[in-house]
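Topology and contacts: notes
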Amino acid sequence: MAMHACGHDGHVGTLLAAVHYINQHRDFAGRLVAIFQPGEEGFAGGRYMIEDGLVQKFGIDEFYALHAEPMLPVGCVGFIPGFATANADIFKITFTGVGGHGSRPHLTRDPLVAACECVLSLQTIVSRSVDPNQTAVVSAGCISCGNEKGSSVVQKTATIVGTTRSFEKEVQDIIIQRMQQIVDGTALSNDMKGKLEYTKLYPAMFNSPEHVEKAKALLEEALGPDKVKLMIRRAGGEDFSFMLQAKPGCLFRLGVQDETHNASVHNPEFDFNDKAIATGAACLLTIALNRAAS
């Protein structure tokens, strides 16, 4: 059994509650579009919807969305103006050497040694190549080379896979440039081939400060100022970013925390708090109805 544990079932339920209200109260100005996005993480569903003409087909001017937030109490919401989530990229590095027997290493070109050197060198990107006032993450998630039964085998290939995170494009460019240099240099010094495959998966999500301020003011009036918080940006990924690249708007955080719901997202103990559905639907409706009428 496996689960994503991010609350997307609750997100769908919250939007369904808002749609149910709209269907019963059709006396509103403007045009509202409810978007049930597929493939939120790992499949870039937001990108495909934009490429399929979502904005043009429905005449969308602004986008708004929410996401469960276990760090906020149920009944509260949080806003992050500007960059809110990071460029979420993935990489695969392959070293190809010469395999052989561990008792005769001089006849081999060991890719595992190169992979280990590379992982250590990758750490210098953040510590020595990126401005400390900017944010960057380079994380190797897996080294794959041989198996535990091959204790005397020097493999021919070794691979490293991982993720990088950044906000500003110039930082993303530095990461890619330095990774390529490190891979090339490591391969050269170990007399083998090295290959970097770098995939820009999700762009950084930018919440328009202007639209954050407007939505925040509406929810402060609806929920009370003490229920609306300002939060700091996160290095997670979010493919709602593709929609915000097409049109301005923002994603806000929906509090789900109480005494029985306090596990973080992507935790096996995470459980979307159904008590948050009413707050989330009310917030979506408040923003949508007022922005459509403006």
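Now for a quick tour of the structure.

What counts, and at which threshold
- Residues numbered from 1 in each chain as written.
- Predicted model: local features only at pLDDT ≥ 70, side-chain atom pairs only at ≥ 80, totals over all residues.
- Heavy atoms only, no water.
- Pairing = 2+ DSSP bridges.
- Helix = DSSP H or I, 4+ residues; strand = E, 2+ residues; numbered from the N terminus.
- Axes fitted to C-alpha atoms, helices over the stretch in contact; angles between N-to-C directions.
- Contact = heavy atoms within 4.5 Å.
- Disulfide = S-S within 2.5 Å.
- Parallel < 35°, antiparallel > 145°, perpendicular 65-115°, else oblique.
- Left-handed = near helix turned anticlockwise from the far one by under 90°.
- Buried < 20%, exposed > 50% of the residue type's maximum accessible area, 1.4 Å probe, protein only.
- Polar contact = N/O pair within 3.5 Å; in protein donor to acceptor, adjacent residues only side chain to side chain.
- Salt bridge = Lys/Arg side-chain N within 4 Å of Asp/Glu carboxyl O.

What follows covers the sheet that holds strand E1 (residues 63-73). Pairing is mixed across the open sheet formed by 4 strands, whose spatial order is E1-E12-E2-E11. Whereas interior strands pair on both sides, the edge strands pair on one side only; in this sheet they are E1 and strand E11 (228-230). Within the sheet, the average angular offset between the axes of one strand and its neighbour, ignoring direction, is 35 degrees. Helix H6 (residues 209-223) rests against E1, strand E2 (77-79), E11 and strand E12 (249-257) of the sheet, and its axis sits at about 160 degrees to E2.

In total, this model carries 0 disulfides according to the counting rule given. The thiol of Cys116 is not disulfide-bonded; the next cysteine sulfur, from Cys145, is found 8.5 Å away.

It is at 8 Å that the axes of helix H1 (residues 8-24) and helix H8 (residues 276-293) come closest, and there the two elements cross at 55 degrees. Between H1 and H8, the angle is such that the two are oblique. As for how H1 packs across H8, the hand of that crossing is right-handed. Where H1 approaches H8, its residues Gly13, Thr14, Leu15, Ala17, Ala18, Tyr21 and Ile22 are matched on the opposing element by Ile277, Gly280, Ala281, Leu284, Leu285 and Leu289.

Right, let's get into unusual backbone geometry. Here Ala44, not a glycine, exhibits a phi torsion of approximately 55 degrees, which is positive. Examined against the element boundaries, Ala44 turns out to sit in the loop between H1 and helix H2 (45-51). Phi is positive for His266, which is not a glycine, with a value near 65 degrees. Structurally, His266 is set in the loop between E12 and H8.

Once that is clear, we can look at the side chain of Asp258. Looking at where Asp258 falls in the secondary structure, it is placed in the loop between E12 and H8. Overall, Asp258 belongs to the buried group, its relative accessible area being 12%. Of the polar contacts made by the side chain of Asp258, one reaches the backbone nitrogen of Thr260; its length is 3.0 Å. A polar contact of 2.8 Å, which involves the side chain of Asp258, links it to the side chain of Asn273.

A few words now on the pairing of E1. Each regular strand carries side chains that alternate between the two faces of the sheet. Burial analysis of E1 places 9 of its 11 residues in the buried class, the great majority of the element. In the sheet, E1 pairs with E12 via 8 bridges, with the strands oriented parallel. Residue Pro73 lies in a different strand from E12, and its bridge partner there is Gln257.

Moving on, we come to the environment of Thr164. With respect to the helices, strands and loops of the structure, Thr164 is situated in strand E8 (residues 157-166). Each C-alpha atom of the pair Thr164 and Gln56 lies 33 Å from the other, and the pair is 108 residues apart in sequence. With sequence-adjacent residues up to four places away left out, Thr164 is seen in contact with Asn87, Ala88, Asp89, Phe91, Val137, Val138, Ile175, Met179 and Tyr198. Side chain to side chain, Thr164 and Tyr198 meet in a polar contact 2.6 Å long.

What the 4 strands build is an open sheet, ordered E6-E8-E4-E9; its pairing is antiparallel. Single-partner strands in this sheet number two, and they are strand E6 (136-144) and strand E9 (193-202). Pairs of neighbouring strands in the sheet enclose a mean axial angle of 20 degrees, with direction left out of account. Pairing of strand E4 (residues 87-96) with E9 involves 9 bridges; the strand directions are antiparallel. Across the sheet, the residue bridging to Asp89 is Lys200, located in E9.

Attention now goes to the pattern of salt bridges. Using the criterion set out here, one finds 10 salt bridges in the structure. For Glu69, the salt bridge identified is with Arg234, shortest N-O distance 3.1 Å. With Glu69 in strand E1 and Arg234 in the loop between E11 and helix H7 (241-246), this residue pair connects regions lying 165 residues apart in the sequence. The exposure class assigned to Glu69 is buried, which follows from its relative accessible area of 2%. Ionic pairing is found between Asp173 and Lys169, a salt bridge with its closest N-O pair at 2.9 Å. A residue pair is termed a helical-turn pair when its members lie 3 or 4 positions apart in one helix, as Asp173 and Lys169 do in helix H5 (residues 169-189) at 4 residues.

Assignment of secondary structure puts Val126 in helix H4 (residues 111-129). Residue Val126 is classed as partly exposed on the basis of its relative accessible area, which comes to 33%. Val126 sits 45 residues away from Val171 along the chain, and the two C-alpha atoms are 9.7 Å apart. Once residues within four sequence positions are removed from consideration, Val126 is found in contact with Ala136, Val137 and Val138.

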